[in-house]
Structure formats: C-alpha cells, structure tokens
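Given next are the chains, with one letter for each unit.
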Amino acid sequence: MKTRIWFQRPLIALAVVGAIFGFSRPMAALTPNDPLVSSQWYLEKIGAFAAWDRTVGDPGTVLAVIDTGVDTGHPDLKDNIWKNTAELLDGLDNDGNGYPDDIYGWNFIEETGDPRSRFDSFTTGAANHGTLIAGEAAARGGNGQGIAGLAWRARIMALRALDSQGDGNTGIIIRAIDYAVGNGADILGLSFVGEDFSQSLNDAIRRATDAGVLVVAAAGNALLNGQATNLDTTPLYPVCSDGSDGKNRVIGVAAVDRNDRRSSFSGYGSKCIDISAPGENIFSTQVVEPSKGFDDSYGGGWNGSSLAVPLVAGAAALLKSAVPSLTADQIREYLLSNTDSIDSLNPGFEGKLGRGRLNVSKALIAAVTVAPAAPVAAPTAAAGERFLVSFAGPGGPSEARLFSGGAFVRSIAVYASNFLGGVSLASGDLDGDGDAEIVTVPGPGGGPHVRVWNSDGTLAGQFFAFSSDESTGLSVAVGDFTGDGSAEIAVSRLSGEPLVRVFNRAGIKIAEWLAYDPAFRGGVRLAAGDTDGNGTDEIVVVPGPGGRPHLRIMTFLGAAASEYVAGDSADRGGLEVAVGDLDGDGQDEVTVRSAGSGLLRGFNRNGALVHEIEVDQTGGPGPFSLGDLDGDGKDEIILGTAKGTPPALRVLTRDGVLISFVQPFIGIDAAILGAVVGD
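Remember, predicted model here, so these are calculated numbers, not experimental data.

### Description of the overall build of the protein
Okay, so step 1: From N to C terminus, the protein includes eight helices and 35 strands.
Okay, so step 2: In terms of overall size, the protein behaves like a compact globule, its C-alpha atoms giving a radius of gyration of 28 Å where 679 residues would be expected to give roughly 26 Å.
Okay, so step 3: Its C-alpha atoms put the protein at 90 × 55 × 50 Å along the principal axes.
Okay, so step 4: In the protein, buried positions account for 59% of the 679 residues.
Okay, so step 5: Within the protein, contacts between residues separated by at least 24 positions form 62% of all contacts whose residues are at least 6 apart in sequence.
Okay, so step 6: A total of about 24000 Å² of accessible surface is found on the protein, and carbon and sulfur atoms cover 50% of it.
Okay, so step 7: Of the charged side chains in the protein, 50 are positive and 82 negative; the average position of the first set lies 5 Å away from that of the second.

### A few points about the sheet that holds strand β20 (residues 488-493)
Okay, so step 1: Strand order across the open sheet formed by four strands is β19-β20-β21-β22, with antiparallel pairing between neighbours. Two strands close off the open sheet at either side, each with one partner strand: β19 (474-479) and β22 (509-514). Between one strand and the next, the sheet's axes are offset by a mean angle of 20°, whatever the strand orientation.

### A word on the UniProt feature "active site" (unreviewed entry) in the protein
Okay, so step 1: Under the UniProt annotation, "active site" (unreviewed entry) lies at D67, H129 and S306. Taking the farthest pair of C-alpha atoms as the criterion, the annotated set spanning 240 residues converges on one region, since that pair is 10.2 Å apart.
Okay, so step 2: In this structure, D67 sits in strand β2 (residues 62-67).
Okay, so step 3: At 2.8 Å, the side chain of D67 and the side chain of H129 are in polar contact.
Okay, so step 4: Summarising the element assignment, H129 is placed in helix α3 (residues 124-138).
Okay, so step 5: The buried category is assigned to H129, whose relative accessible area is 0%.

### As for the side chain of T641
Okay, so step 1: Among the structural elements, T641 can be located in the loop between β32 (636-639) and β33 (649-652).
Okay, so step 2: Since its relative accessible area comes to 15%, T641 is described here as buried.
Okay, so step 3: A distance of 3.3 Å separates the side chain of T641 from the backbone nitrogen of A648, its partner in a polar contact.
Okay, so step 4: Not counting chain neighbours up to four residues away, the residues in contact with T641 comprise G622, P623, P646, P647, A648, A671 and I672.

### Some details on the packing of α3 against helix α6 (residues 309-322)
Okay, so step 1: It is at 8 Å that the axes of α3 and α6 come closest, and there the two elements cross at 35°. In the crossing of α3 with α6, the sense of the turn from one axis to the other is right-handed. Facing I133, E136 and A137 of α3, the residues of α6 in contact are P310, L311 and G314.
Okay, so step 2: Each residue belonging to the contact of α3 with α6 can be placed in one class, and the counts come to four nonpolar, one polar and one charged.

### Thoughts on the state of the cysteines
As used in these notes, a disulfide is a covalent bond between sulfur atoms, one from each of two cysteines.
Okay, so step 1: If you walk through the whole model with that rule in mind, you get one disulfide.
Okay, so step 2: Paired through a disulfide, C240 and C272 show a sulfur-sulfur distance of 2.1 Å. One quick way to see it: the torsion about the S-S bond of C240 and C272 is about 120°, and its sign makes the bridge right-handed. Residue C240 is found in the loop between β7 (214-218) and β8 (251-256), and its partner C272 is found in the loop between β8 and β9 (275-278); the two are separated by 32 residues along the sequence. The same class applies to C240 and to C272, which are both buried.

### Overview of α6
Okay, so step 1: Taking 1.5 Å per residue as the helical rise, α6 with its 14 residues ought to reach 20 Å, and the 20 Å between its terminal C-alpha atoms agrees with that figure.
Okay, so step 2: The buried count for α6 comes to 14 of 14 residues, which makes it a mostly enclosed element.

### Things to note about the pairing of strand β23 (residues 524-529)
Okay, so step 1: For β23, a buried count of five out of six residues is recorded, marking the element as mostly surrounded by other parts of the structure.
Okay, so step 2: Of the pairings in the sheet, the one linking β23 to strand β24 (residues 538-543) comprises six bridges and is antiparallel in character. Note that in β24 the partner of L526 across the bridge is V541.

### Let's talk about the environment of A670
Okay, so step 1: Tracing the sequence through the fold places A670 in the loop between β34 (658-662) and β35 (672-677).
Okay, so step 2: Placed 549 residues apart in sequence, A670 and S121 show a C-alpha to C-alpha distance of 63 Å.
Okay, so step 3: Ignoring anything within four residues of it in the chain, the contact list for A670 reads A392, G393, P394, G395, G396, A642 and K643.

### Let's talk about the domain arrangement of the protein
Accessible area lost during the coming together of the parts is what is often quoted as the interface size.
Okay, so step 1: With domains assigned, the protein is organised as domain 1 (37-369) and domain 2 (422-628).
Okay, so step 2: One C-alpha centre belongs to domain 1, the other to domain 2, and the line joining them spans 48 Å.

### Things to note about the side chain of N338
Okay, so step 1: Within the element layout of this structure, N338 appears in the loop between α7 (328-337) and α8 (360-369).
Okay, so step 2: In this structure the side chain of N338 is engaged in a polar contact, spanning 2.7 Å, whose partner is the backbone oxygen of Y334.
Okay, so step 3: Leave out the neighbours within four places in its chain, and N338 touches N359, K362, A363 and A366.

### Things to note about α3
Okay, so step 1: Taking 1.5 Å of rise per residue, the 15 residues of α3 would be expected to cover 21 Å, and the 22 Å separating its terminal C-alpha atoms lies within 8% of that figure.
Okay, so step 2: When you tally the buried positions in α3, you get 14 out of 15 residues, the bulk of the element.

### Digging into the sheet that holds strand β12 (residues 387-392)
Okay, so step 1: Spatial ordering of the open sheet is given by β14-β13-β12-β35, a layout of four strands whose pairing is antiparallel. The sheet terminates laterally at β14 (407-413) and β35, the two strands that pair on one side only. For this sheet, the mean inter-axis angle between neighbouring strands, taken without regard to orientation, is 25°.
Okay, so step 2: Here strand β13 (residues 399-404) pairs with β14 via six bridges, running antiparallel. For S404, the partnering residue across the bridge sits in β14 and is A407.

Rules and cut-offs
Residues numbered from 1 in each chain as written. Predicted model: local features only at pLDDT ≥ 70, side-chain atom pairs only at ≥ 80, totals over all residues. Heavy atoms only, no water. Helix = DSSP H or I, 4+ residues; strand = E, 2+ residues; numbered from the N terminus. Rg over C-alpha atoms; globule rule 2.2 N^0.38 Å. Buried < 20%, exposed > 50% of the residue type's maximum accessible area, 1.4 Å probe, protein only. Contact = heavy atoms within 4.5 Å. Areas by Shrake-Rupley, 256 points an atom, 1.4 Å probe, with all protein chains shown as cover. Lys, Arg positive; Asp, Glu negative; His and termini not counted. Charge placed at Lys NZ, Arg CZ, Asp CG, Glu CD. Pairing = 2+ DSSP bridges. Axes fitted to C-alpha atoms, helices over the stretch in contact; angles between N-to-C directions. UniProt positions renumbered as here; feature names shortened; annotations may be inferred. Polar contact = N/O pair within 3.5 Å; in protein donor to acceptor, adjacent residues only side chain to side chain. Left-handed = near helix turned anticlockwise from the far one by under 90°. Nonpolar A, V, L, I, M, F, W, Y, C, P; charged D, E, K, R; others polar. Disulfide = S-S within 2.5 Å. Expected span 1.5 Å × (residues − 1). Domains from an automatic or database assignment.

The following block contains the structure:
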C-alpha cells in the first residue's frame, strides 16, 4: 500500500530572524581547523568537542541518509561518501544486488546510481535537505574547509527516496531501507514522517533492527495549522513504528532550541519520542548547483525536527566507531541514558521530549569506559596515517586504545578481559604490503601468546613463542631483520633465561640465541631499528633487573654488531630501551633509561652519547617509547605514566617540548605505555 511521506521542510531563512554566522564558543581540547565550525553552535551544546577528544569517527561505520538526495561531489562530503567497491560503472549489476552501477548509493526516484537531488521540479528546502542532513552527521572534519560533521570520518550512504519537493511513498522508502541493510549500513537516518500507518513499513524497520541496524527518526514538524503534533494522540510514522512487540525499534527525536526549550514546531509525546536534540538555526552543507541558483556551499537558519535526527545518528556513529563491538541496542541505551535533563525547562512537556537532550560526550565516556569483552577491529590506516596507541601495564585492562590527531578512535581488546597482567606491543609491515600490522604480547602472568593483527583489525595470526605453560610475560620488537622488505618478530622473556627467538609472520621460528650468559635470569628487553643506516633493522637487547647496563646490538642470527655499557656499570636495576631517529639524520639512535630515573640518554651505534634529556615524571618514571607520530622524519618521545599516577600519555620533541597530551584510560591504577603504529 502506498502512502504519502510528509517531508519535514526546514523553516528556511525567510521564516526565521537572523541566520547565525560567526557564533563564538570557548576553545576545547580538540578544535577542528574547519573555518565555519564557529557557526555550528549546536556542536558545543551536545558535547561534540569533548567527544572528539576520544574519537572523530571511523570509515568502517556507515550511516545511511534516506532523503531527497545528497550532493556527493560537495567538497566537504565527497571524501566521506560510502562506495560500493563491488560495483563497476559499466551498466551491469556486478555485485548482483539488483542495482546496476550503484557505486555511490541509489536513486529510487529516477532508478539510477546517481543519488543526488534533481532540479526539474523542486523547492529550495527539499533540494537541500538531504545534503544538510549528511553534513550535520558526517561532513569531513579537520580538512581545513567548511564545517565539521559530528562523525568526521564515518561513511555516508546516499539514498534518494524522496523527490525534490520532499514527497515519496511507502514502497520506495521500504526499498531504500532494505537496500541500506543489505549493503552494510550501521545506522539509518529517517528525517521525514507520514500520517498513515503501514504494516509493510513496520516490517521493514523490524528487518533492519533484527539485522543489528540502529534506526533514528524525526518527531515531525507543525502542519499548516501551526500546531505541533502530540504523537501520543496522533502518531506519525516511522517515528512511531516501534511495532507491537514492545521493543523500542526506532529512536524518536524531538527538536529543541539553543536554550533546551522545545521548538514550537516539534512533535512530542511520551510513547514515540526517546531523545531531543538541537533543531533550530542549523548551519550545514548545502547543494551546489549554480545553474539552478544554488551558489552557496554552506548556509544557516535551517529549522526542523528532521535536522535534529542527524545529530543523534552522528552520535551513534561516534559510539560505533569508538567501540565497534557495541550492538544497536547498547548504543541506543548509552545515548538515552546519558542525556542532559530538560524537563524543568519545558513545563507541560515533562516526559514528552524523551529522556533528555543529547550529550554525545557523556554517552561516549560511558561506552568507552567499559572495555569490550571481545577483540574488535582496529581502524585501517589511510596512506601515511599514523596512530598513537596506548596500553596498560600490570593491573590494567588487556586492551589497546588508538588515537589519531589527539582524538580517540577506538579500542581493541587484545586478550581476555579478565587478564590484568598488562600488554606490550610493536608494529611493522610483516607481509610487505605497505601497511603496518600490530603485534601484541602479554605481561607477567600471561602465557607466551603472540597475536598479530592486520591493519583492518582482523586477527591475522597467533602463536606461542615459548612453552604454553610459561607465564613470565614477554618483550617484543618488530623490524625487517632479514632485509627482504617484510618485518619479522623478535620475542624474549621478561624474566628467566635470556633467550631471544625470531619468528616470521606465520609464527615459524627462524632463529634463536642467548643475549647474555645463560646463568643470568633477569630476562631481556628488546627494541628494533636500523642503527647503521643500511636498510636492515637490528635487534637491540638490554638486561632486566639484576643485570649491569650492557647494551648489545645484534643481527637476527645472534651476532653482535656492537655492544657497550649504557650507563653506570655498577647499576643493577635493569634498563628500558627504545630505538628511533630523533635527529632526522636517517640513522636510528638507541635511547635508554635506568630503573627509577627520569634521565633519557641516547647513544649512536658505537656507544657515543648523542643526546640527553631529563623528563618531568612527577609520581615516578613512567614507560617511554619513540615513534614518528607526525611523519616529519624525526621520532618523538612517547612518555607514559607510572602506576599510582593519573593515566596519561605525553608526546615530546627530542628537546622535551610538549607536542600533545591524551588521557587514554579512566579510573585505572596501572602504568600507561604508548607506541606509534604506522611509523
């Protein structure tokens, strides 16, 4: 059965007083460099800037915009448009999904693979609508132009299912929903309403939610009589399409103004509305089509409950990006349980605007504070992209948390959630494909279990470096030790026999040797780097507690290329070691620190002291590593914190100048370590 879908036309600039331009806000920890962010007043209101300190989204999260079309060539959207990689532009249905040439989504109105708006018969509001929605949710942030969407890096699946006057029918909407679900969407944004109940639409939404897709829908705007709709007495759809089984299948979104008061046009109700979000004076991306009078890439003064939907959908995308193992039900509950109460500001509408106004920062903190119980995918690094990875020592969770540009990206649970022995990791290109893999090993109390992760987060392999009944914990280093263009893995015990074993990606042992006299039982710490500039990495070994500071630079076969005393020869506390090119001369130096000291000392291959820096480590020295986080050819110092101090990572130049600071964990008592992946 066909029905009319009432499109929620924004009250365009002529219907409002003063579209906002240049609205100022306080500085936040992570501020995107997009020049028009100051016009997006609603971002500060919902806690976006604080949320971006933890994640800016991930291209593995897909948000379907079912609307009037999206300007897929818009400069602030084009890099985030979902692409069907199984399809070719050849007139054929290459992937067999029933839609030929659907590379960038589908146009269900004109039945083509071009999901942009059309201009044969249009209204300005309708033609812009899908592009406005897409920009709010996921415009590319940090690219130095325009605005920032809430989920900077999420993908937008563009599906045109309403015409350019804002009208559609139930059958087309259902097809678009089914397409989105079948092609991998995680979230559906439905910024339209219809008056007639449709069991077929309910069934389509049930199929979506049963498939694990989160559905977000608009409350609806005031009709021609100017009266907003009480959805308890006059339900609209799909916002009220929860079904008859009592499950909350649709997140219904009402609109509020900048003072958290219900927008006069917004629908409301205790049954269908779950949450509120800003929906007035919205500034976002607009369609660019100069031949039709669409000259402005961005604009403000837009209003409507339809414009509150992408903020909730974008918030859901951030949570999914940060913790990909979250289910749709979990994301819904995190969003609804971590709102800001607005009932006192809306007398007469208590309980009819959902559980409160969206606060994405609170929801995200709640989601990431609880470590996922199973391994989840790590983001795939774009060419040249580098991640700062944080992990915890004994007493902390067995997970790694990834940051990009200072913002939290996501968490990887690398071992069982009940293992609290700490984690160490190293990275390198193990298969020679140009992408770095991540190699993790457990700390004390864990078996000698080495795990290898692809850059997309899938588990590529795992093996035991020593007997599976051992629990000494491991040290790991990764480098191209054989000079064949692919990295290998070196592993040693943290205590006991000073044996080093070298493995290839498949876990096949290719060498083993003793780093020190077999009578020494303090274990060995490893690092890797090219200390002579010949293109092949060496393995650097230092003793654990009980050994004098005897540093050795070894080939992978166990031959000593160089060795020297890296400190006071009477010191028996053991050394920490890292290898990196701090001065940018193309040759790695070895940096060490004695136990309990804040002094980092750098040596060249021959043992000459080349740099020295005393780092402030209030509360005790935390672990350190080296890595080229910014890609300038010079490694930075990654400085963690000691157990008993607030968890943090600092990134410093060779001279000790602070570059960035992140707080990777909340409420744990463990040493914090850091490393660079993608270096």
